[in-house]
Amino acid sequence: MSDQTPLPDNCEQAALLLERDALPGDLLSQLKQSQQAEQDTAIRLQLATQGAGIGIWDYDITADRLIWDNQMLALYGLSADQFNGHYNDWRCRVHPDDLAKAEHQVHKSLHGSGVFDSEFRVIWPDGQIRHIKAFATILKQPDGSAYRMIGTNWDITSERRTQQAFEHQAYHDTLTNLPNRQLFQNRLQQALATGCQQQTNGAVLCLDLDHFKYINDVFGHATGDRILIEVARRIQGVLQPDDTLARLGGDEFGVLLKGNSIQGFANVGDRIQQLLQAPIRIDGERFFARASIGIATFPHDGQDSETLIKHADTAMYQAKESGRATCAFYDREQSVAAAERIQLAHELQEALQHRQLEVHYQPQFELGDERTPGRIIGLEALVRWPHPRLGMVPPGKFIPIAEEIGLITELDRYVLQQAIEQARHWDLKGLLPGRISVNISLSTPSALELPTDCLALLAEHGRLISLEITESHLMQNPEATAAALNALKQFDTLISIDDFGTGYSSLSYLSRLPIDILKIDQSFIRDLDQDGSDRAIIRAVLAMAQELRLKVIAEGIENSTQHRFLQHNHCRYGQGYLVARPMPAQQAEQFLLKHSAYN
């Protein structure tokens, strides 16, 4: 062979030449180097694909001959003797739910795009499910017919599981693992679309736990969380597999019911109420998680998710106003009032934020004789809301709203700050006749642990203030209340029980509480000249107070008959329109100046 002998195209040709005849030394050296380089490249490719977990496959379409490397076998959980080298070896291991889509993509690549790009799950012989990403190039004849596929597979299970975990977290409540509001709305939209097509109905239930804030405040959020989990478990036990229970936020749950009658929807609500009547036992304590449930049906009450949820929520508030622990269907007429209530709640929040609420003051006085009331002994601070559209909104209308929407703490703080500031002002001017009473209308005894800034004010000016707690709040948890009241007494404040006679207090508890004053509720004063039982109750309260050495103030004294009865039964102090209505601070100051002779 001469020096002009051309180099062979590949190592296979070189081997043939070597068998035929010897090559010159330099050419032989080049051939060996080329052969070694080709082997090195193949080794590096194999190591790279193995290191990346990439399996390589080659499919002869005409002969139905499928070649997998070892990494491909590993990706499908197979050993070499479990693989027969045919298309069906792949097909029978693709997850049944993914097979149709994957084969459609194979068909599309063979007869169109020329590229196979797919993702599917495979089932290993041991039942394990893995996610596979597949890619292949299609080789075609001049006439366009495909004869070969060469491609790769790699495992994306970890990525998909991470993605699924993120998606689950995005659409589920972390505490109860229930669908969250977003997923609930998505499923509701799907149900509405299906109902429209198939002419079927359904319902949305909005469920809110009654007085749940009290449990959180008194026993802590950890206990509250355990109660929410148990409530979710009980509700879930009522529902059918196609129904959806979601936690919409806080202590509010949503239920999506499909294809039932109005009575059927009502039965589900009643069944939930029945299951929630049983106590929940946690660490030896018994808790009751009663709920108000609102129901809106579709398509009757709405044909989009936002409207239905809003109407179910409105019905839920109607249930609360009807006495709680009950169910109510959405009522278009009542929804107008509910919408006004929601609007009022929003406006109350703005009024408090912009300090638009006023504090009025009503004098408290010695009863004296019938013609001349005795000296002024103090005043009660009463919050008032001068609404720009509705005029003066009664406290009985907006204070319950403040409690419902969680504004009551801010409202109490505002009134207490205003009252202390006014008390300091009148004290410096020598006009303060006693203490200013402030009603702590918080909905839970533990909430008597006032905000830090209020405690700082009481620490400095507690001698000017008397704190009033309604009897009903007092009896929710007497032990917790006693501890809180004892803590407040260190600031030299007086403690009053407001609306006494309406909460059925235990006398044994009263004797153990650091109480200074009982205020007889005005409901007993109003009709005492006509109702003998009211007179008997008043006499009993006065006798009990005398035994416990408590001061008594009768509320709501409006006429001389009431004044005369109370004075005759040795009630020394009163409050009511007979002497003065609640008035703004400036007017109250003029009143104090005018009546300074009584002090």
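Structure shown above.
Residues numbered from 1 in each chain as written. Predicted model: local features only at pLDDT ≥ 70, side-chain atom pairs only at ≥ 80, totals over all residues. Heavy atoms only, no water.

Draft legend 1. Local environment of the pattern of salt bridges. What the rule picks out here adds up to 25 salt bridges. Taking the shortest distance from any N to any O, the salt bridge between Glu103 and Arg91 comes out at 2.8 Å. On the criterion of sequence distance, the pair formed by Glu103 in helix H5 (residues 96–113) and Arg91 in helix H4 (residues 87–91) is long-range, its members being 12 residues apart. Look at Glu103 and you get partly exposed, because its relative accessible area is 23%. Among the ionic pairs, Glu230 bridges to Arg233, the shortest N-O distance being 2.7 Å. Taken together, the residues Glu230 and Arg233, both in helix H9 (residues 221–236) and three residues apart, mark about one turn of the helix. Residue classification places Arg233 among the exposed residues on the basis of a relative accessible area of 54%. Each member of the salt-bridge network shares a partner with another, and the members are Asp208, Asp210, Lys320 and Arg324. (Salt bridge = Lys/Arg side-chain N within 4 Å of Asp/Glu carboxyl O. Helix = DSSP H or I, 4+ residues; strand = E, 2+ residues; numbered from the N terminus. Buried < 20%, exposed > 50% of the residue type's maximum accessible area, 1.4 Å probe, protein only.)

Draft legend 2. Molecular detail of the sheet that holds strand E8 (residues 252–258). Read across the open sheet, the five strands follow the order E7-E8-E6-E11-E12; overall the sheet is mixed. The open sheet has two free edges, formed respectively by strand E7 (244–249) and strand E12 (327–329), since each of these has just one partner strand. Between one strand axis and the next, the sheet turns through 20° on average, direction left out of account. Helix-sheet contacts for helix H10 (residues 262–277) involve strand E6 (202–209), E8, strand E11 (291–298) and E12, and the interaxial angle to E11 is about 165°. (Pairing = 2+ DSSP bridges. Axes fitted to C-alpha atoms, helices over the stretch in contact; angles between N-to-C directions. Contact = heavy atoms within 4.5 Å.)

Draft legend 3. Looking closely at empty space enclosed by the protein. Across all of its chains, the model carries two cavities of 30 Å³ or more by this definition. In this structure, the largest cavity occupies an estimated 150 Å³ of space. Elements that contribute at least two residues to the lining of the largest cavity include exactly strand E1 (54–60), strand E2 (65–68), H4, strand E3 (115–123) and strand E5 (146–155). Of the residues in the lining of the largest cavity, the class split is 12 nonpolar, one polar and no charged. (1 Å grid on protein atoms, 1.4 Å probe; cavity = no way out; pocket = protein on both sides within 12 Å on 5 of 7 lines; lining within 4 Å. Points joined across faces, edges and corners; volume = space filled by probe spheres on them. Nonpolar A, V, L, I, M, F, W, Y, C, P; charged D, E, K, R; others polar.)

Draft legend 4. The sheet that holds E5, seen in detail. If you trace the five strands from one edge of the open sheet to the other, you get E2-E1-E5-E4-E3, paired in antiparallel fashion. Pairing within the sheet leaves two strands with one partner each, and these edge strands are E2 and E3. Shown here is a sheet whose adjacent strand axes are inclined to one another by a mean of 20°, direction ignored. Pairing geometry for strand E4 (residues 129–140) and E5, over nine bridges, is antiparallel. Considered in E5, the bridge of Phe135 is made with Thr152. Across the sheet, helix H6 (residues 157–171) touches E3, E4 and E5, and the angle it forms with E4 is around 125°.

Draft legend 5. Looking closely at helix H20 (residues 532–548). Between its first and last C-alpha, H20 extends 24 Å over 17 residues, near the 24 Å set by a 1.5 Å rise per residue. Those residues of H20 that sit buried are Asp534, Ile538, Val541, Leu542, Met544 and Ala545. Projected down its long axis, H20 carries its buried residues within an arc of 165°, all on one side. For H20, the exposed residues set more than 90 degrees away from the buried face come down to Gln546 and Glu547. Directly beyond the C-terminal end of H20, a positive phi value near 60° is found at Arg549. (Expected span 1.5 Å × (residues − 1). Arc of directions from axis to C-beta.)

Draft legend 6. Quick peek at the environment of Glu119. Following the sequence through the fold, Glu119 ends up in strand E3. Overall, Glu119 belongs to the partly exposed group, its relative accessible area being 31%. For the pair Glu119 and Ile156, spaced 37 residues apart in sequence, the C-alpha to C-alpha distance is 9.0 Å. When neighbours within four sequence positions are excluded, Glu119 is seen to be in contact with Gln105, Ile132, Lys133, Ile156 and Arg160. Polar contacts involving the side chain of Glu119 include one to the side chain of Arg160, which spans 2.5 Å. (Polar contact = N/O pair within 3.5 Å; in protein donor to acceptor, adjacent residues only side chain to side chain.)

Draft legend 7. Looking closely at the packing of aromatic side chains. Taken as a whole and assessed by the stated rule, the structure comprises eight aromatic pairs. Geometrically, the ring pair formed by Tyr87 and Trp90 is tilted, given 5.6 Å between the ring centres and 55° between the ring planes. Of this pair, Tyr87 and Trp90 are both found in helix H4, three residues apart, which corresponds to roughly one turn of the helix. Looking at Tyr87, the relative accessible area reads 24%, which means it is partly exposed. An aromatic cluster is present here, built from Tyr59, Tyr87, Trp90 and Phe120 joined pairwise through their rings. The ring of Trp124 has Arg130 sitting right over it, with the charged end atom 5.9 Å from the ring centre. Its guanidinium or amino end placed over the ring of Tyr573, Lys551 lies 5.0 Å from that ring's centre, counting from NZ or CZ. (Phe/Tyr/Trp six-rings, centres within 6.5 Å; stacked < 30°, edge-to-face > 60°. Lys NZ or Arg CZ within 6 Å of the ring centre and 35° of its normal.)

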